[in-house]
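Summary of the model geometry
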Amino acid sequence: MASGSQIDLLVERVERLLVRYEELQRTNALLAEQVELLTTERDSLKSRLSAARARVDALLERLPDLNTPA
């Protein structure tokens, strides 16, 4: 009967491992989705930063040069 008990314990452990595996798969999918969203947001912010820098550079070009006499 000891081997039957060991098999039952093994079956229980395998079932727990399968449940944990499924949980980890769901967690991984959610994390992958978050990475995708954050990557998109990062790319958007980088684009906006680049556009803002271009506008600042254009404004700086319009400022009078203080080194030349008036």
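Please read all numbers here as calculations on a predicted model, not as lab measurements.

**Things to note about the overall build of the chain**
A tally of regular secondary structure across the chain gives one helix and zero strands. In summary, the chain has a C-alpha radius of gyration of 30 Å against a globular reference of 11 Å for 70 residues, an excess of more than 25%. Seen along its three principal axes, the alpha-carbon backbone of the chain occupies a region of about 105 × 20 × 5 Å. Roughly 7000 Å² of accessible area belongs to the chain as shown, and the carbon and sulfur atoms make up 60% of that amount. If you average the places of the 10 positive and of the 12 negative side-chain charges in the chain, the two averages end up 5 Å apart.

**A closer look at the pattern of salt bridges**
Two side chains bearing opposite charge may form a pair once their charged atoms approach each other closely. All chains considered together, the criterion is met by three salt bridges. With a closest N to O distance of 2.8 Å, R42 and D43 form a salt bridge.

**Some words on the UniProt feature "coiled-coil region" (unreviewed entry) in the chain**
The UniProt record annotates "coiled-coil region" (unreviewed entry) at residues 7–62. Structurally, residues 7–62 comprises 100% helix and 0% strand, and the distance from its first C-alpha atom to its last is 82 Å.

Conventions adopted
- Residues numbered from 1 in each chain as written.
- Predicted model: local features only at pLDDT ≥ 70, side-chain atom pairs only at ≥ 80, totals over all residues.
- Heavy atoms only, no water.
- Helix = DSSP H or I, 4+ residues; strand = E, 2+ residues; numbered from the N terminus.
- Rg over C-alpha atoms; globule rule 2.2 N^0.38 Å.
- Areas by Shrake-Rupley, 256 points an atom, 1.4 Å probe, with all protein chains shown as cover.
- Lys, Arg positive; Asp, Glu negative; His and termini not counted.
- Charge placed at Lys NZ, Arg CZ, Asp CG, Glu CD.
- Salt bridge = Lys/Arg side-chain N within 4 Å of Asp/Glu carboxyl O.
- UniProt positions renumbered as here; feature names shortened; annotations may be inferred.

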